Structures are given as C-alpha cells and as structure tokens.
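# Summary of structural features
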Amino acid sequence: MPDGHEITELLERWGAGEKQAFDRLMPCIYDELKQVAGGYLRGERPGHTLQPTALVNEAYLRMVRLHSPKIENRKHFFVLAAQAMRRVLVDHARRHNAGKRDAQLLPPDSGLVIQPNLDFDVVALDDALNSLALLDPDKERIVELRYFAGLSVAETAEVVGRSPATVKREWSVAKAWLYRRLNGEAPHDSPSVG
Amino acid sequence: MTPPQWVEIDALLRSALELPEIEQDAWVARECEGRPDLRCEVESLLRAHRAAETFLEPNTHNHAGRRIGPYLLLHEIGAGGMGSVYRARREDQSFKQEVAVKLMRTSLELRPEAVRRFLEERQILAGLAHPNIARLLDGGYTAEGTPYIVMEFVEGIPITDYCARNGLDLQARLRLFLQLAAGVQFTHQHLVIHRDIKPANVLVTHDGTPKLLDFGIAKLLDPGASGGETTAVQLTPDYASPEQIRGKAMSTASDVYSLGVLLYELVAGRRPYQLAGTPLDQAIETICVNDPATPSTVSQDVPDDLDAIVMKAIRKEPESRYASVREFAEDIVRYLEFRPVLARQGTYRYVARKFVRRHRAGVATAAAACIVLAAAAALVVWQAQVARAERDRAQRRFNEVRRLAHSVIFDLQSKIAALPGSTPVRKELIANVIGYVDGLAKEAADDPGLQQELAESYMEIGSIQGGGNENLGDMKGALASFQKAERIARALTAAQPSFDSRKVLVEALRAVGRVYNQSSDRARASAYRREALAMARNLQVQYPANEDAKSLMAYSLFDMATLTSDFQSLQYLLEALPLYEELLKAKPSDPSRQRNAALTHKSIASYWLTVDYTQALPYLKRALALDAARLANEPGDQRAKLDLSVDYSQFGTYYYAGQDLPTAIEYQGKALSIRRELAASDPKDVWKQNRLAMALNNTANYLYEKDHDREALADLDESKQIIERLGLSDRGDIDIYARTLLLIGLVNRDMKNEKAACEQFSKAKGFYLSLGPSTANSSQVADVEKELAACKR
C-alpha cells in the first residue's frame, strides 16, 4: 500500500483529474474498508446490520493513524471512499447471491456481512445508479456520498463544493428517480389536487 | 429519455420541490401546458418523491412510546454521536422511577464476546454510586439487538451554562468543579475511565449539585477497549486529550486532561482551542502540537496559580499532568487556601525543556557552559522523575491487581464453584488472591472507599475459604479473613458510621462468631453474635424499610438461635420467622430468600422434633414445599438438593418419633441417595462428605432400631471412614463421630460382639465429654453411660 505521503499526493493528482491516480488509490481504500468490516465481523453470526458510515469513518481514522503524518484533501478521500464502499457492498451482494445459487462454485466471503438496511437489492441499486450517471453524473456522486459514505447533507455539500440547499434538492430528485426505477411507477394518489 | 430532456425535467422537478406540496401539482400542470409527455414524466417523479421519503435515508426512528423491558420511553431528550437519549419511566408493580434510557446507534457490537463484555462491564458500573455521578441502573439489548443503557435521570443544565446563568464567581466555580472532580476520582478508584468529559456530560441540578453523566459508557461501547487501544469514531475533539485523538491507549490521565479543558473554560470563559468546523486532521495537529494560550491571557482575572494548575492538567504528555484527579483537586484546594500550589514547582523545568526543544542548536553551545551548574540540579530533577515514574507504575499495578482480585473473588469463584470437582483449583486461586488483597490493604490505608471494598473482599474470601456454602473447608484461613474484615470495618465505623460500614461490620461479627461456634468456642461465638444482634437491631430501628437491615436482623437472630437448641432459641427463631417470610414475600422467586425461610422453618421443626414432635409438622411441610419449589426451578442446584435431603431426613425423624419406622426409613433413604449423589460429584468437598456421613448415621440408626444390623453396620463403617478421612475439625464433626461410635457399639452388642461394643462405647464417651456440658447431647451421653454400665457388669 502507498504510504501517507503517497496517498496525499495521489489524492491531489486525482483531484487534478489524473485517472491513473484513481486506479492506484481505489484498490487500497477498497482493501482498507474490507479489512475494517472484516475486523468487526470476524466470527460473528451472519445477519447483522453494519452501518457503512461507521466503516468509512473507521477506515479514514485508520488511514490517518497508520499512514500519517496526515492525509491532505479529506474531501477527495470521501469521494473515493464512497465509491469504494459501493463496490464493497455490490461485490459482496453479488458473491452472496451467487453463493445462494450455488454454494459449491462460489462461496461468499466468510464472515463479511454488510447490510445497510436493505429492503431492496444493492445490485439493482448499483445498476440504477449507473443509468442515472449517464443522465446526470453529479447526482450519482451525491447519492454515493450520502448513501454509501453516510455523509450528511452539509458534509456532502462541503465535499462537492455546492450549497447545502442545492445538495438537498439534487438528493431529492435523485432519490425520486432511483425509487421509480427500482419500484416501477409509483401508484397515483387519490385525487386531492388543491 | 435523452440528457437534454432530462435537464429540463430535472429543472422543473427541482423548482416544483421548492413549493409547498399542496401547490406542486397545479404548478407542474401550468408549466407543462401543451406538453403532456413532459408533464407526465415530472408528475410521475413527483409521486415517486413522495413515496420515497425514507428511501436511502439513514435510520432515524423515533422510539417514544416504545417499551423496552420495564421502561416506557416518554420522549427524546437528546441525540448524539452514540445514539439517542429518552426520558423514560420504569413501571413495576412495586415502584415508579424516572430514568434516562440511552439507545445506541451502533449494532456493530453483536459478537458474543462483545455482548458478554458489555453485560459484565455494565454490572461493574451499576455497582458504583456517588452523589456526583449519574448512576447506571441497567442495560441490555433490545429485540433488534441494539444495546441500551439505563441511567439515573438528571434534570439540570450543562455546568458551563449553569455558571454563566447564575453569575458564579471564581471561588464558586472552583467549588463546583471540585465536586465534579470527586465524582471522577470515585470512578477512577473503581477502575473506570470516563473518556468523554465535556460540559454536555456534566449537568448541574437545581440544588447546585454537579452530576457526571455517561461514565464508563464510552468504554462499554468500544469494541477495541479490552486491548487498551480505542477506536474513537465518536469523540468530542475540543475536550479530547492528545493520546485519545491519536487513538492511543487512554488512562486516568486522559480524564485529567479533559477536566483540565473544562476548568480552563470555566475560569477563562472559552476553550483552549477553537476547533469548531476544523477538519479532523487539523484538529489532531492543534491538539497534539500547538500550545494553547494560558487562561490569564484570555481573561485577565485568572490568577497565576490557577493558570499553572490548568496548564499542568492539559499538558500534551500524560506523564507531565497531575498523576491523579485527586492530586489535581488537591492543588485547587491549596489555591483556595492560599497555600503554594504544586503546579508551579515544576514550571521552570517544564519551560526549560520546551525551550530546549524549540532551540536545540543554539542551546547546545550555551548549555556547555552551564553543565557544571546544571549537573547538581539535574540529579535532583532526575530523581524526582524516577519517583514519579515509580509512583505511576505503582498506581497502574495497584489498579490492575485490584481489578484482578475483584474478578477472581466475585466472579470467577462463583463460576468455578458450580463445576463439580473444582475444589483444588479454587484453593490455589484463593491463596493467590489473598496475597494480592493483603498488598492492597497495606498500600491504601487512607482511602475509605477502598477500605470498604477491601472489607467486603475479605468477607467474600472468608466465605469461600470456610464460612459459606460450597466452601473449601479451611476454617482457620476463613477466621483470619473474617477478622481482617472485622478490623477494617471497626475502624471505618469508628471514623464515619455509614450504613455500608455498619453493615459490613455486622456481617464480619456474624462470620467470626460462626467460625468460633463451629470450633466449639461457644463463649466467643456468643459474644460476637450478641454484638452483631445489638448492632443489627439498631440498624433496623434506624432503617425500618431497608431490606438489608431487615436481612441482617433476621440473620443475627438466627445466629443466636443456633447457639442453643432450647426454648430461648425457639424465641429467636419465632422472632426471625416473620422477617424471613416478609423478605420472601417481597421477592417470592428469589432462591436465597426461599432458602432462608425454609431454613427457619426447619430449625423450628427441629426444636419441636426433640420436644413435641407433633408440633413440627406444619413447619416441616412449609420447608419441604419451599425447597422442592426451588429445586424444580433450578434442577442442577446442588445446595437445593442438599436442603431437600435435610427435609427428607427431618421427615424421617418425625416418623421415627411417631414410631412409624418403615416410613422413617423410606424418607431417610431419599435423603441418603441425594447425599451420595452430591458427595460423589465432588469427593474433595468437605461439607458434602460431612453431610453424607450424617445421613449414613441417621439411616443406620433407624436400620438398627428395625434390627437390620448388618445393613446398619455397613452404613456406620462408611460414615466412620468418611469422618476419619476428613478429620475432626469442629463440634459437629465430633458429635457425628461420637454418635457413629455409639451406634457401632449398639449394633455390635446386638450382634453379641460384647468386647467390640464396649470399646466403641468408651471411645464415644471420651468424644462426648470433650464437647463439654451441653443439653444438645446430654441424652446421648446418658445413653453411653448406661451402655458402659452394662459393660462393667
């Protein structure tokens, strides 16, 4: 894994638009998240809720601790961590689903159970987000930060450099779009037009 | 849909969402006039928006109105990083109580090992009561697996607000702070670090008492806490010590730091660092590297001494701060009493070291000239440092030992005792633990809280050694431990007669009395028990509603009753019986209360069995019913089994007295089979062997009466061997042994072995006489005399 200075540098280069920096950073943040999650869940019986927010914060603190002096550019870290978290969850769900279909062929990660209160399929959410990204990549980013990294509206606003009011509206629209995509057409209300 | 279309839809939707919901549809209809496709799409997304309220949102439930265990959550009174707090009411048939219930946000903690630790830790915390800490009352997991904690409900405002609102002057602020410090010091004495001291956790009630909330809870919920490392996902950086914010091991020094920041704020009017809105990494740097301005530069009213005190408490290096909260508080007291404060003594060296660190190169040359002068001073400084390091180390070791001893005595012993065959392990453990506790007692002679705890520890050790049930049969060791407890409790009671110290003194007097009674020193036993009873009576008069006082009174009466078996003893038992029945009525399913009531009934029955057996029946029946119920509830309970065997044995005696030998033998047989089972489960347990011998003896007696001489003799031989193997360590043993010999003699005489019979009689007589005159065995002595007279003829 790159050391603290390198991480800082990579984050900056990525922030300046360098795609290769992203490719180097992503695996290490991904591993970090999985390690944190695994640390919590090793030996645990399955089926418990693990809050992605806690994991992302924990991963951040660990990286600060293990690789300080310090990680500059905290904003970039959270953008990355949100994407990494999304991948961890989706990969896990894929493996888990595959495991259910055929445990012999592809066993699920032992011990790793992350369920951000799912009443829907995280893989389906991932697909829907990909479609949304084609229309509106900003909204994809905001959903990642709010949902997968668990940032508040204010924190998200800080990271994406927009006003909290804007983030709130973007978030509402993105949610509506995704909800319709995952649940089909919402039922018509009983007529109450005022 | 194509991106250009989406841009339009998105814009319409965002504008619509700005409006009140009731106007949105009309607005959309207007905006999309003549463009049905667009309108349809926007309306569809609006509907989705309304349905998606909780979709993808973090779980923020309101739990008001919910019931958790016996607690009804009334309304939310606060929410923080760790979870939300509800004002709640406990509703039992017996009492109502306002409490605060904290529901944790995390459910990361559900590993079995973590759950166990959470519950154990909660148990320790729940035992801590101090006027300046909000007591932890209960805790557990909800049906969904969310950990929750129940605390004393404190109605108050944060200490900083309280000082401002009431315009407290510096003196008053310091006195308030000292009360808080006493609370923190108390938790430290019990090995609990708070870890999150901040104004929001220090509420001052309307009568001006500061109360510390949430102590120990940070650790309770910290998955890494057992290893000393913390995972500080949630913390309040303004009050966090450098070691805490770096995630290093925390200690009592970390609480000293947070208290220091709080004191800074109380005297200067603001915190040492302004961290609001600072990113975490910057906060870390500020806290770990930057030196804050002294309080006096912020507020000119702050005197130099107080400056020094605050700055000493918030030094970066834990070892440079006050060694304990007590030392911190004492320095404030020194300031209030116009005495020189300790904080300023080290100042020169502290400043010098800082200076050297900043100007290493320049100092090197200048220093060369000063070396000769400095050498002498350095030696003194160095020695002082060594002393402090020693003391810190000693303090740490002391705390470790204390915790270890506590867990061995109170947790481990009872857990192991339940396992069959565990006697040797327990003996070794207790021998080790006595060494530790003796060491603790020596080191902390001036700490009443700890002395109280030590007295309680010695009591527990004594009962494991030889006082209690399931004990190790070491009566000498038990006596020594009980006497240590007695000495400590007497000193505590003389200095400050609190309920707790008086309670432990009564317990110690009773325990010493019991050991003397078992070793036939009746004069001493009686003196101790009389004193215990007198003290218990006083306590009960003073605290008539207190259950502990009631129990102590009942126990002490019972103790007096066991000194004799005459009419006087019946009076004590009849006074104790209603107390025991009241205690049982308050908690009908409490096994130890069931047992105590049953024992009292048994003892009364036992009196009547020797005087007028027909009176014994109601007491026997009640005792049997209570013991049988207790065993049915806990079928593995060895003590309940033993108690039940006593009931059977008493019924045997009852039928024997009523001359119904077959029924007597049947009951005695039931008793004997239980005792055989118990004795076989732990062959090294003295008490169980002893009880088996007793049962064998009784059975043999009935068999002999029924002329089953051979069977009687077999039981008697077994009984004799058991007693000889165990040794005769108290009156009870001698009594059983003498009775066994007498019975062996009688059976032998029946079988025409006259010589063997007479040998046994004369031995039995010797043992009986060694017990001294007593009404309890006078009839047996008479029996032996009679049989011996026949020998001489």
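Residues numbered from 1 in each chain as written. Chains lettered and ligands numbered in written order. Predicted model: local features only at pLDDT ≥ 70, side-chain atom pairs only at ≥ 80, totals over all residues.

## What to know about the overall build of chain B
Short version of the rule: For helices the rule is a DSSP run of H or I covering at least 4 residues; for strands it is a run of E covering at least 2, with both sets numbered from the N terminus onward. In this scheme the burial state of a residue depends on its C-beta neighbours within 10 Å: 20 or more other such atoms mean buried, 12 or fewer mean exposed, and anything in between means partly exposed; the C-beta positions come from the backbone.
Check the secondary structure of chain B and you find 31 helices and 9 strands. Across the 793 residues that make up chain B, the buried fraction comes to 43%.

## Here's the deal with the overall build of chain A
In plain terms, the rule: A residue pair is marked as a contact if its C-beta atoms, positioned from the backbone, fall within 7 Å.
For chain A, the helix and strand inventory stands at 8 helices and 0 strands. When the helices and strands of chain A are read in sequence order from the N terminus, they spell out α-α-α-α-α-α-α-α. Per-residue burial for chain A yields a buried fraction of 39% across its 194 residues. Expressed as a percentage of contacts within chain A between residues at least 6 apart in sequence, the contacts between residues at least 24 apart total 67%.

## Comments concerning unusual backbone geometry
All names here are of chain B. Of note, the phi angle at Arg195 is positive, near 75°, even though the residue is not glycine. For Arg195, the position within the fold is in the loop between α6 (170–189) and β8 (202–205). Accessibility expressed as a C-beta count within 10 Å gives 24 for Arg195, which makes it buried. The phi torsion at Gln659 lies on the positive side, around 65°, for a residue other than glycine. Structurally, Gln659 is set in the loop between α25 (638–657) and α26 (661–681). Accessibility expressed as a C-beta count within 10 Å gives 8 for Gln659, which makes it exposed.

## Considerations on the nonpolar core
As a rule of thumb, nonpolar side chains are buried together in soluble globular proteins. Filter applied, for reference: Any nonpolar core is a set of buried residues, restricted to Ala, Val, Leu, Ile, Met, Phe, Trp, Tyr and Cys, that join up through C-beta atoms within 7 Å.
By size, the foremost hydrophobic cluster in this structure holds 110 residues, and its most contacted members are B:Ala455, B:Phe482, B:Ala485, B:Ala508, B:Val512, B:Leu557 and B:Ala576. Counting 67 residues, the second largest nonpolar core, distinct from the first, contains B:Tyr71, B:Ala100, B:Ile133 and B:Met151.

## Examining helix α18 (residues 475–495) of chain B
Given 3.6 residues per helical turn, the α-helix brings residues three or four places apart onto the same face. The following threshold applies: The length a helix should cover is 1.5 Å for every residue beyond the first.
Over its 21 residues, α18(B) runs 30 Å from end to end, which matches the ideal 30 Å to within 8%, given 1.5 Å per residue. Of the positions making up α18(B), those classed as buried are B:Met475, B:Gly477, B:Ala478, B:Leu479, B:Ser481, B:Phe482, B:Lys484, B:Ala485, B:Glu486, B:Ile488, B:Ala489 and B:Leu492.

## A short note on the confidence of the model for chain B
All names here are of chain B. Applicable threshold: Values of pLDDT, ranging from 0 to 100, describe the predictor's confidence in every residue of the model.
This prediction gives chain B a mean pLDDT of 79; 78% of its residues lie at or above 70. Predicted confidence in chain B is weakest over helix α14 (residues 347–358), with a mean pLDDT of 43, and strongest over helix α24 (residues 617–633), with 94. Here residues 221–234 scores under 50 on pLDDT; set against residues more than four positions off or in separate chains, the count is 35 contacts. Taken together, the stretch residues 346–387 has pLDDT below 50 and engages in 4 contacts with residues farther than four places along the chain or on a different chain. The ipTM value of the predicted complex is 0.76, and its pTM value is 0.39.

## Considering the pairing of strand β6 (residues 147–152) of chain B
Residues and elements named next belong to chain B. Applied cut-off: Between any two strands, pairing holds if DSSP finds at least two bridges.
Of all 6 residues in β6, 5 are buried; the element is thus mostly enclosed. Strand direction decides the pairing type here: strand β5 (residues 136–141) and β6, joined by 5 bridges, are antiparallel. Looking across to β6, one finds that Tyr141 is bridged to Pro147.

## Structural notes on the packing of α6(B) against helix α9 (residues 252–268) of chain B
All names here are of chain B. Note the cut-off: In this analysis, axes come from line fits to C-alpha atoms, helices being fitted only over the stretch in contact, and the angle between any two N-to-C directions falls in the range 0 to 180 degrees. Just so you know how the angles are binned, under 35 degrees is roughly parallel, over 145 roughly antiparallel, 65 to 115 roughly perpendicular, and the rest oblique. In a left-handed crossing the near helix is turned counterclockwise from the far helix by less than a right angle, and in a right-handed crossing that turn is clockwise. Each residue is assigned to one class: nonpolar for Ala, Val, Leu, Ile, Met, Phe, Trp, Tyr, Cys and Pro, charged for Asp, Glu, Lys and Arg, and polar for all the others, Gly among them.
The contact between α6 and α9 brings their axes to 11 Å, and the two run at 165°. Classified by the interaxial angle, the pair formed by α6 and α9 is roughly antiparallel. Where α6 crosses over α9, the handedness of that crossing is right-handed. Along its contact with α6, which presents Leu170, Arg173, Phe177, Ala181, Val184 and His188, the element α9 presents Thr252, Asp255, Leu259, Leu263, Leu266 and Val267. Of the residues assigned to the contact of α6 with α9, the class counts are 8 nonpolar, 2 polar and 2 charged.

## Considerations on the sheet that holds strand β9 (residues 210–212) of chain B
Residue and element names in this part refer to chain B. The strand order across the open sheet formed by 3 strands is β7-β8-β9, and the pairing between neighbours is antiparallel. Edge positions in the sheet fall to β7 (156–158) and β9, since each of these pairs with one other strand and no more. Averaged over neighbouring strand pairs, the angle between their axes works out to 35° when direction is ignored. Across 3 bridges, the pairing between β7 and β8 is antiparallel. By the bridge assignment for β8, Gly156 is matched with Thr205. The strands that α6 touches are β8 and β9; relative to β9, the one it contacts most, it runs at about 30°.

## Section: the environment of B:Val202
All names here are of chain B. In this structure, Val202 sits in strand β8. With 22 residues separating them along the chain, Val202 and Leu180 place their C-alpha atoms 7.9 Å apart. Sequence-distant contacts of Val202, that is, excluding residues within four places in its chain, are made with Pro158, Ile159, Leu180, Pro210 and Leu212.

## Topic: the environment of B:Leu624
Structurally, B:Leu624 is set in helix α24. Given 21 C-beta atoms within 10 Å, B:Leu624 falls into the buried group.

## A closer look at the confidence of the model for chain A
Residue and element names in this part refer to chain A. Averaged over all residues, the pLDDT of chain A is 68; the fraction at 70 or higher stands at 57%. Helix α3 (residues 52–67) is the least confidently modelled element of chain A, averaging 60 in pLDDT, while helix α8 (residues 164–183) averages 91, the highest of any element. Low confidence marks residues 187–194, where pLDDT is under 50. Its contacts with residues over four positions away, or in another chain, come to 5 contacts.

## Some details on the packing of helix α23 (residues 591–611) of chain B against α24(B)
Residue and element names in this part refer to chain B. Relative to each other, α23 and α24 sit at 155°, their axes nearing to 8 Å. Classified by the angle between their axes, α23 and α24 sit roughly antiparallel to one another. Considering the relative orientation of α23 and α24, their crossing is left-handed. Between α23 and α24, the residues in contact are Pro591, Gln594, Arg595, Ala597, Ala598, His601, Lys602, Ile604 and Ala605 and Tyr619, Leu620, Arg622, Ala623, Leu626, Asp627, Ala629, Arg630 and Asn633, respectively. Of the residues that constitute the contact of α23 with α24, the class distribution is 10 nonpolar, 3 polar and 5 charged.

## Points about α9(B)
Residue and element names in this part refer to chain B. Here α9 spans 24 Å end to end across 17 residues, near enough to the 24 Å set by a 1.5 Å rise per residue. Burial within α9 is extensive, with 17 of its 17 residues counted as buried. Backbone geometry just downstream of α9 places Gly269 in the positive-phi region, at approximately 90°.

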